[in-house]
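Observations on chain architecture
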Amino acid sequence: MTTSPSADEPQGNYDVDYVVRYTFGGTGKQPSPLGGGEFRDRDEATEQLNNLLQTLADIGFLTEVRPSDRTTLLVFIRAPEKSLLRATHTSRVRDWLYGLRNTQPGGESSPGPQSGAERLRAIHYMLTAPVEDGGANITPKYGQWKNVDSIFPLHDDKTNQAWMRDWSKKTFLTKEDLDQIRDKFGEKIGFYFAFLQSYFRFLFFPALFGFSSWVMLGYYSPIYAIVNCVWCVVFVEYWKRQEVDLGIRWQVRGVSVLSSKNRHFKPEREVQDKTTGELRPIFPWTKRLQIQLLQIPFALVAVIALGAVIATCFAIEIFISEVYNGPLKTYLVFIPTILLSSLLPISSTILTKVATKLTELENYETKEEHDVAFIQKMLVVNFITSYLAIFLTAFVYVPFANIIVPYLDVFRVTVRPFVSQEDEKTINHSDFKIDPHRLRKQVIYFAVTAQIVNTCMETVVPFIMRKLAIKYKEYSEEKANNEKGSPAYDDHPDEADLLKKVRNEADLPEYDVTDDLREMVIQFGYLSLFSTVWPLVPVSFLFNNWLELRSDFFKICKEFKRPVPERADTIGPWLDTLGLLAWIGSITSSALVYMFSNEGLGRHGNAGEITGWVLMVTIFFAEHIYLAVRYVVEKTMSKIETPSIRQERAQKLLLRKNILGTMADDHSTIASVGNVDGPDEIDRASLEEDARTRTLQEARPSDRFWGRQKNWKESLQIGTKIIESYQATGVKKQQ
Ligand SMILES: [Ca+2]
């Protein structure tokens, strides 16, 4: 296991651990007609800043205040060695008490954080944990912290760039690379990259096999379908195993027991725990179940609403492209695309809002439960928007087109605004023929074109928008400074670069790994469900995912704030989704092979000859074979012992031996539990003194940065000055 020592972690960022962006509002608002609004704002902002700086000093953190822009300022936070040791020790003891660690962390000898992620996680815990757990209980944008806009760590640009260069030269990331990602960004993001890497590695076989079956077997080959289904099952089971292995390797097995509280949880009543006497907030599960039942109508509404939008656009498209032969056809074919790309986002936004509301009503106690419940609701929406169009072509258009097409005349209305009455009469559908390549064209679109478009929309477009936003902000700041007077507080030349970087990062959005995981799982769905139609699907995904891994990393580093490291021992509900997709894949693949095996026109060259009961029997057998294969793969996989699992077993054995051997004459293991609180008592004054004298002696480049403001009171003075200078100039101008 590679672990970078803590000393060289915050390189280049002047030892800054976290930055708080603090808004003081003011200049942007109109002064109240009664006057004094500006001053009331200012007093409140100063008072809350006082509160913030004092709280930070109370838990032993150093602070420095700098201006950011006309409405915000930056509070730099650094945890000195002593309070950091205490924070990591507390978090490790907690891990041990919850059974995440086999070995009890030693009292005084407990080493500092083993990785950047552990350091940042421990500090973040101190910043946000409830006061009774020794934290500062800072909740951005909430209650007394409503002026705290965000708390974020800074990107380590040098390392990020070095990794990007390194990875651009190799095909696979090594285990060590993944460990490094985990050490820097935490396990949750580590798991995403590990998943993407495993998926990419597993794509090599279907890509090769798909290519050769495209050359030799053609489309809708039953052999390809069977191999593909088995491969999907093997991959899902392999990844389950991989999660266990990584969980042990990264010491996060069972980490979900350490769940964080859901801030919006509203308990119905409090119940006294019989054994501990503690008051515990309760929300009865029966009530929650009642609200959860609303998921069924929600899913139905989602299916009907999205289904109606997609099916209508689909029908209009068929009408215009295959039935209609009047004038302007080349332009009219874009009508359904335009309709779809405007209606679909609107309906999914509404459904997302409803899902958010439902999840809130379900009132989960922990943030993790809340997130899982939300993702599960959104699955229906994701599935329909991604797969329904292909389903309609394969299972409605091809078998039933001859019956449906006459009814499509209702869509004459869509072309009426563009076509004269005489022309409209020329529309006839007597010569209508099913387009046998329609399905393949659609699958190719989703497997190639859509993937390229996605990468652009995900990485390239936001990057350009970001650059433009920075330019615009610079311009408008300059303009404001010219009009309203420039601020009293200039950047020190030493810090100019750092401050510029921090101001830019403060404007970035926060990263959520869920979106990237969803993208990959949906992609896996195209492979398992429809790749029989076009066996080159895995080839396209192979190339795409090599790039995806790198561009996603680039995206996290450049287009988002550095994420606060979080722990996880799984990719969460997406794992079940993978299993579900593999199962549905066995059904669709067998149905597709049966219906299209003769170049898209059924078994005997005529789509009308598909018989329902043969289809049913085919699906039934395929699905049962799937279950059998999965059982065998599952059993085989469980026999394989990965190195981490072997190591953990050995460690447990050794531990048992050691403890049982020393029980009789040594009570130190029990006595040292009392040392949970950490090495020795520390107070704020000694901490600040300590850290400052230490930095002065060592004369590092960050010394001057952290020496500018002697203590939190001086920081407050500077902060107040910044707020006053901006608001005073603003008021002057408005008068
Ligand atoms: Ca992505």
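Only a predicted model underlies this, so the values are computations on that prediction, with no experimental measurement involved.

Conventions and cut-offs
Residues numbered from 1 in each chain as written. Predicted model: local features only at pLDDT ≥ 70, side-chain atom pairs only at ≥ 80, totals over all residues. Helix = DSSP H or I, 4+ residues; strand = E, 2+ residues; numbered from the N terminus. Buried ≥ 20, exposed ≤ 12 C-beta atoms within 10 Å, placed from the backbone. Contact = placed C-beta atoms within 7 Å. Pairing = 2+ DSSP bridges. Axes fitted to C-alpha atoms, helices over the stretch in contact; angles between N-to-C directions. Parallel < 35°, antiparallel > 145°, perpendicular 65-115°, else oblique. UniProt positions renumbered as here; feature names shortened; annotations may be inferred. Expected span 1.5 Å × (residues − 1). pLDDT = per-residue confidence, 0-100. Core = buried A, V, L, I, M, F, W, Y, C linked by C-beta atoms within 7 Å. Domains from an automatic or database assignment. Left-handed = near helix turned anticlockwise from the far one by under 90°. Nonpolar A, V, L, I, M, F, W, Y, C, P; charged D, E, K, R; others polar.

1. Section: the overall build of the protein chain
A count of helices and strands for the protein chain gives 25 helices and six strands. Of all 735 residues assigned to the protein chain, the portion counted as buried reaches 33%. The long-range fraction of contacts in the protein chain, counting pairs at least 24 apart against all pairs at least 6 apart in sequence, stands at 79%.

2. As for the pairing of strand S2 (residues 62–67)
Extensive coverage of S2 is indicated by the burial of six of its six residues. Residues of S2 alternate between two faces, with Leu-62, Glu-64 and Arg-66 on one and Thr-63, Val-65 and Pro-67 on the opposite face, all of them buried. Linking S2 back to strand S3 (residues 72–78) in an antiparallel pair, the connection comprises four residues.

3. Brief notes about the packing of helix H17 (residues 513–530) against helix H18 (residues 537–559)
Contact geometry for H17 and H18: axes closest at 11 Å, N-to-C directions at 175°. As the angle between them shows, H17 and H18 are arranged roughly antiparallel. Note on element contacts: H18 touches H17 through Val-537, Pro-538, Phe-541 and Asp-552, opposite Asp-516, Gln-523, Tyr-526 and Leu-527.

4. A closer look at the UniProt feature "transmembrane region" (unreviewed entry) in the protein chain
UniProt tags residues 189–211, 217–239, 296–319, 331–351, 387–408, 443–465, 580–598 and 610–629 as "transmembrane region" (unreviewed entry). Regarding residues 189–211, the helix share stands at 100% and the strand share at 0%, and the terminal C-alpha atoms are separated by 32 Å. Taken end to end, residues 443–465 is 100% helix and 0% strand, and its two terminal C-alpha atoms sit 31 Å from one another.

5. Considerations on unusual backbone geometry
Despite not being glycine, Tyr-14 shows a phi value in the positive range, around 55°. Positive phi, normally seen in glycine, also occurs at Lys-141, with a value near 60°. With respect to the helices and strands, the residue Lys-141 is situated in the loop between helix H3 (116–128) and strand S4 (148–152). For Lys-141, a count of 11 C-beta atoms within 10 Å translates into the label exposed.

6. Some remarks on H3
Taking 1.5 Å per residue, 13 residues should reach 18 Å; H3 reaches 18 Å between its end C-alpha atoms and fits that length. Here H3 lies mainly inside the structure; 11 of its 13 residues are buried. Gly-116, Ala-117, Glu-118, Arg-119, Leu-120, Arg-121, Ala-122, Ile-123, His-124, Met-126 and Leu-127 are the residues of H3 that are buried. Along its buried surface, H3 packs onto strand S1 (18–23), helix H2 (81–97), S4 and helix H5 (175–185).

7. A short note on the sheet that holds S3
Spatial strand order, S2-S3-S1-S4: four strands in an open sheet with antiparallel pairing. Across the chains shown, the open sheet's two edge strands, defined by having one partner strand only, are S2 and S4. For this sheet, the mean inter-axis angle between neighbouring strands, taken without regard to orientation, is 20°. Here six bridges tie S2 to S3, and the two strands are oriented antiparallel to one another. By the bridge assignment, Leu-62 is partnered in S3 with Arg-78. Along the sheet face, helix H16 (residues 496–506) touches S1, S2, S3 and S4 and points at about 65° away from the line of S1.

8. With respect to the pairing of strand S6 (residues 279–282)
Across four bridges, strand S5 (residues 269–272) lies against S6 in antiparallel orientation. Among the inter-strand pairings, Gln-272 is bridged to a residue of S6, identified as Leu-279. Linking S5 back to S6 in an antiparallel pair, the connection comprises six residues, with Gly-277 at a positive phi of about 80°.

9. Structural notes on the confidence of the model for the protein chain
Of the residues in the protein chain, 82% reach a pLDDT of 70 or more, and the chain-wide mean stands at 79. Counting interchain partners and residues more than four positions distant, the pLDDT-below-50 stretch residues 27–36 has 10 contacts.

10. Looking at the nonpolar core
A general feature of soluble globular proteins is that nonpolar side chains tend to end up buried together. Counting residues in each nonpolar core, the largest one holds 134 residues, and the members touching the most others are Val-19, Ile-123, Tyr-192 and Phe-195. Counting residues domain by domain, this core receives three or more from each of domain 1 (6–154 + 680–734) and domain 2 (196–639). When neighbours within four sequence positions are excluded, Tyr-192 is seen to be in contact with Val-513, Asp-516, Leu-517 and Ile-571.

11. Some thoughts on the packing of helix H6 (residues 187–216) against H18
A pair of packed helices is captured by two measures, namely the crossing angle of their axes and the spacing between those axes. Taken N-terminus to C-terminus, the directions of H6 and H18 make an angle of 155°; their axes are 8 Å apart at the nearest point. Classified by the interaxial angle, the pair formed by H6 and H18 is roughly antiparallel. In this structure, H6 crosses over H18, and the sense of that crossing is left-handed. Judged by residue contacts, Phe-193, Leu-196, Gln-197, Tyr-199, Phe-200, Leu-203, Phe-204, Pro-206, Ala-207, Gly-210 and Phe-211 of H6 engage Val-537, Pro-538, Val-539, Phe-541, Leu-542, Asn-545, Trp-546, Glu-548 and Leu-549 from H18. Along the lines of polarity and charge, the residues of the contact of H6 with H18 split into 16 nonpolar, three polar and one charged.

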